[in-house]
Amino acid sequence: MAKKDKKTLPPSGAGLVRYFEEETKGPKFTPEQVVVMSIILAVFCLVLRFSG
């Protein structure tokens, strides 16, 4: 009886795990900080739009 060759596939999430483990340089913001900065920018733009 002949042995069947078992072909295994590489793990599908290997690239994603490696991507998220890498540490990158630059500023790190929480989602809350991004929302607050967006609101501040929007208010600033509205103030500039209606002033003058």
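Quick note: structure is the one above.
These remarks concern the structure in this document. Per chain, residue numbering runs from 1 following the sequence as it is written. In view of the model being predicted, local features appear only for residues whose pLDDT reaches at least 70, and side-chain atom pairs are presented and counted only at 80 or more, with totals across whole chains, interfaces and linings using the full set of residues. For the side-chain quantities, the full set of heavy atoms in the structure was used; hydrogens and water were omitted.

### Some points on the overall build of the chain
Move 1: In DSSP terms, a helix is any run of H or I states spanning at least four residues, a strand is any run of E spanning at least two, and both are numbered starting from the N terminus. Per the secondary structure count, the chain includes two helices and zero strands.
Move 2: Exposure classes here rest on a 1.4 Å probe applied to the protein chains alone. A residue is buried below 20% of its type maximum, exposed above 50%, and partly exposed in between. Out of the 52 residues in the chain, the part that is buried amounts to 0%.
Move 3: Using a 1.4 Å probe, the Shrake-Rupley method yields the accessible areas, and only the shown protein chains count as cover for residues. For the chain, the exposed area adds up to about 5,900 Å²; of that, 66% sits on carbon and sulfur atoms.

### Some thoughts on helix α2 (residues 31-50)
Move 1: Each helix should span, by expectation, one fewer than its residue count multiplied by 1.5 Å. For α2, with 20 residues, the first-to-last C-alpha span of 29 Å sits near the 28 Å given by 1.5 Å per residue.
Move 2: A positive backbone phi angle near 105° is found at Gly-52, which sits one or two residues after α2.

### Quick word on a nonpolar patch on the surface
Move 1: A cluster of nonpolar side chains, namely Val-35, Ile-39, Val-43 and Val-47, defines an oily patch on the protein surface of about 350 Å² accessible area.
Move 2: Counting through the fold element by element, Val-35 comes out in helix α2. Exposure above 30% relative accessible area and the lack of any salt bridge qualify a residue for a patch; like charges then connect within 9 Å, and the nonpolar side chains Val, Leu, Ile, Met, Phe, Trp and Tyr within 5 Å. Salt bridge, as applied in this entry: a Lys or Arg side-chain nitrogen positioned within 4 Å of an Asp or Glu carboxyl oxygen.

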